[in-house]
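Per-entry structural report
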Amino acid sequence: LLGAIAQGFAGFATNPLDVLKTQVQVGLASGIGNAIQTVWCADQLAGFMRGALMRTVWIMPQGCVYYPTYELVQRLLLTKDDQPL
C-alpha cells in the first residue's frame, strides 16, 4: 500500500514534465521552452496537470509490485553480515 502511495505521488508530482515531454514527442512543440509556452497559452497552469489523475491511477499499481519485490530480492540476496543497499 505504501508503495502505491509513493508511486502515485511521484506520478502526480512529475506530471507537468510528462505533459511537456508529450508535447515535444507528438510534434506539437519544437522543444521544452516552446512546449511550456504552448501549454501555458492554451490552458495556463491547469494545462500542466492535464491527465494527472489518469497518470496517477496508471502508475500506482506498479508501486504495489515494485517495492515489495525489491524488498524481497534484497532479503534473499543479503547474508547476515551484509548491510542493506
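Now for a quick tour of the structure. Values in this document were obtained by computation on a predicted structure and should not be read as measured data. (Residues numbered from 1 in each chain as written. Predicted model: local features only at pLDDT ≥ 70, side-chain atom pairs only at ≥ 80, totals over all residues. Heavy atoms only, no water.)

Overview of unusual backbone geometry
Most peptide bonds take the trans configuration, and most residues that are not glycine carry a negative phi. Operational definition: Under the DSSP-based scheme used, a helix requires at least four consecutive residues in state H or I and a strand at least two consecutive residues in state E, with every element numbered from the N terminus.
The phi dihedral of Gln44 falls on the positive side, at around 55 degrees, and the residue is not glycine. Topologically, Gln44 is positioned in helix H3 (residues 32-48).

Regarding the packing of aromatic side chains
For clarity, the threshold we go by: We call Phe, Tyr and Trp rings a pair once their centres come within 6.5 Å, taking the six-membered ring for Trp, and we label the pair stacked below 30 degrees between planes, edge-to-face above 60, and tilted otherwise. Buried means the residue's accessible area, taken with a 1.4 Å probe over protein chains only, is under 20% of the maximum for its type, while exposed means over 50%, and partly exposed covers the values in between.
Here the structure, examined in full by the defined rule, presents one aromatic pair. Residues Tyr66 and Tyr67 carry aromatic rings whose centres are separated by 4.9 Å and whose planes lie at 80 degrees to one another, so their mutual orientation is edge-to-face. Given a relative accessible area of 47%, Tyr66 falls into the partly exposed group.

What to know about the packing of helix H1 (residues 2-13) against helix H4 (residues 52-77)
Formally: To define axes, lines are fitted to C-alpha atoms, for helices over the stretch in contact only, and angles between the resulting N-to-C directions are given on a 0 to 180 degree scale. Here a crossing is taken to be left-handed if its near helix is turned anticlockwise relative to the far helix by less than a right angle, and right-handed if that turn runs clockwise. Contacts are assigned to residue pairs that have any heavy atoms within 4.5 Å of one another. Put simply, Ala, Val, Leu, Ile, Met, Phe, Trp, Tyr, Cys and Pro go in the nonpolar bin, Asp, Glu, Lys and Arg in the charged bin, and everything else, Gly too, in the polar bin.
Taken N-terminus to C-terminus, the directions of H1 and H4 make an angle of 145 degrees; their axes are 7 Å apart at the nearest point. Along this stretch, H1 crosses H4, giving a crossing that reads as right-handed. For the pair H1 and H4, contact is made by Gly3, Ala4, Ile5, Ala6, Gln7, Gly8, Ala10, Gly11 and Phe12 and by Ala52, Arg55, Thr56, Ile59, Met60, Gln62, Gly63, Cys64 and Tyr67, respectively. The class makeup of the residues in the contact of H1 with H4 is 10 nonpolar, seven polar and one charged.

Quick word on the nonpolar core
Note the following rule: Within this scheme, the nonpolar core is defined by two criteria: the residues are buried Ala, Val, Leu, Ile, Met, Phe, Trp, Tyr or Cys, and they are joined through side-chain atoms within 4.5 Å.
Counting residues in hydrophobic clusters, the biggest one holds six residues: Val19, Leu20, Ala29, Ala35, Val39 and Phe48. Looking at this core, the elements with two or more residues in it are helix H2 (15-25) and H3. No other element matches H3, which puts three residues into this core. Setting aside anything within four residues of it in sequence, one finds Ala35 in contact with Leu20, Gln23, Val24 and Ala29.

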